[in-house]
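# Breakdown of the fold
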Amino acid sequence: EEEVAEEEEGYSEIKRHHAPRAEVVALWNAALAQYPALARDELAGTTAEQTLDDALNYLEGEGAVLQSHMSAILHLNPPWLAETVRPLADHRLREGEDFIDDLAGAMEAQGLCE
């Protein structure tokens, strides 16, 4: 979801861990619309969507983002995602512990429950 990273003089920075692909595409297209000459010269006949796809594939290869094609979500913070799903992927049977309560507490602590 979103976290407030820091606040200075009324300005707060929001850290987003994921975004819908459609939103990323819309932001990319809006950025290109602001700089049509740059888009025309730099894209050199390649579609805007193909350029974005190439960039996202590169960033995914570097581990900077993770694309979820089935859900059309772009994970902007893969370490956060791994940490968040770690308890869900823990299939060890734990004797004497209430796994569901522990998991709910961990999710609430991360702000995943509203």
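Look a little higher up for the structure.
Let me begin by describing the structure that accompanies this report. (Residues numbered from 1 in each chain as written. Predicted model: local features only at pLDDT ≥ 70, side-chain atom pairs only at ≥ 80, totals over all residues. Heavy atoms only, no water.)

### Description of the overall build of the protein
Helix and strand content of the protein: five helices and five strands. Reading the protein from its N end, one meets helices and strands in the order β-β-β-α-α-α-β-β-α-α. The buried share of the protein, reckoned over its 114 residues, is 18%. In the protein, of all internal contacts separated by at least 6 residues, the share reaching a separation of at least 24 is 40%. Accessible area of the protein: about 8,600 Å², with a carbon and sulfur share of 55%. (Helix = DSSP H or I, 4+ residues; strand = E, 2+ residues; numbered from the N terminus. Buried < 20%, exposed > 50% of the residue type's maximum accessible area, 1.4 Å probe, protein only. Contact = heavy atoms within 4.5 Å. Areas by Shrake-Rupley, 256 points an atom, 1.4 Å probe, with all protein chains shown as cover.)

### Description of unusual backbone geometry
Unlike most non-glycine residues, alanine 72 shows phi in positive territory, near 55 degrees. Within the element layout of this structure, alanine 72 appears in the loop between β4 (66–68) and β5 (73–75). Alanine 72 sits in the partly exposed class, given a relative accessible area of 37%.

### Brief notes about the nonpolar core
Core analysis: the biggest nonpolar cluster contains seven residues, these being Ala19, Val24, Val25, Leu52, Leu56, Val65 and Leu74. Residues contacting leucine 56, with those up to four places away along its chain left out, are Arg21, Val65, Gln67 and Leu74. (Core = buried A, V, L, I, M, F, W, Y, C linked by side-chain atoms within 4.5 Å.)

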